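Single-letter residue listing:
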Amino acid sequence: MARGKAPTFELQRATILGAAAALFAQKGFHNASMSALAETCGVSKPLLYHYYRDKEHILFDIADSYIDRLLAIIDGVAARGLDDDAHFSELVTRFMEEYEHAHDQHIVIVQDVKFLQQEQAAKIAEKQRRVVSAFADAIVRIEPGLKGRKLERPVAMILFGMINWTFTWMRTDGRLTFRDMAPVVTGIFLNGVKGFVEQSGRVTA
């Protein structure tokens, strides 16, 4: 009879993912060996291989579990039934809060996902598209005319351009927190998006 997994198996894997994300964020995926990962995680190299077959597997699980958290945020906001502006604002706020508390995972998504194998990369890309689509839908709710011009996704990507790189300049010991910046981003974006189609007739799809 096959032995089942120990009750602590998933907890240990989560611990490994957190430590590995920190190492990848600091050194980069290619500069982090399995030996270095084992040392960072506080386990032996053979034990690390018990949980993960290689560091690509670890990289995939970091990215996959992180995007799953983002999708869960999207579902949670949608379930609240907020009005259009409040829905958009809450999405931005919750994502900014997640970015603050998942700094390492966010860096890995930005800089290291490109090193995944094609099949793994495709799975991550599909989930990333779902995230973008959720924000594009939220943007259409506040400016429906964007959909007719097929601009909802490009505008969503502009938003991600605003928030995805905050980790490069936001200081953990700085005066402002990610949550402080969320209404700033929302205000700039909403005031720029509202009425955009009517005011910018020169823009074409």
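About the thresholds
Residues numbered from 1 in each chain as written. Predicted model: local features only at pLDDT ≥ 70, side-chain atom pairs only at ≥ 80, totals over all residues. Heavy atoms only, no water. Helix = DSSP H or I, 4+ residues; strand = E, 2+ residues; numbered from the N terminus. Polar contact = N/O pair within 3.5 Å; in protein donor to acceptor, adjacent residues only side chain to side chain. Contact = heavy atoms within 4.5 Å. Phe/Tyr/Trp six-rings, centres within 6.5 Å; stacked < 30°, edge-to-face > 60°. Buried < 20%, exposed > 50% of the residue type's maximum accessible area, 1.4 Å probe, protein only. Lys NZ or Arg CZ within 6 Å of the ring centre and 35° of its normal.

### Notes on the side chain of H106
- The residue H106 is located in helix 6 (residues 103-111) in this model.
- Among the polar contacts made by the side chain of H106, one reaches the side chain of Y66 at a distance of 3.4 Å.
- Excluding residues that lie within four positions of it along the chain, H106 makes contacts with Y66, Y99, N164 and F167.

### A look at the packing of aromatic side chains
- As enumerated under the stated definition, the model contains 7 aromatic pairs in all.
- Plain terms: the ring middles of F29 and F115 are 5.9 Å apart, the flat faces sit at 20° to each other, and that makes the pair stacked. Taken together, the positions of F29 in the loop between helix 1 (9-27) and helix 2 (34-41) and F115 in the loop between helix 6 and helix 7 (118-142) put the pair 86 residues apart, joining distant regions of the chain.
- For F115, a relative accessible area of 27% translates into the label partly exposed.
- Look at F95 and Y99: their rings are 6.2 Å apart centre to centre, the planes differ by 70°, and that puts the pair in the edge-to-face class. Residue F95 and its partner Y99 are located together in helix 5 (residues 84-101), separated by 4 residues, close to a single helical turn. You'll find F95 and Y99 in the same group, each marked buried.
- Pairwise contacts between aromatic rings join F95, Y99, F135 and F160 into one cluster.
- It is K55 that lies over the ring of F29; its NZ or CZ is 4.6 Å from the centre.

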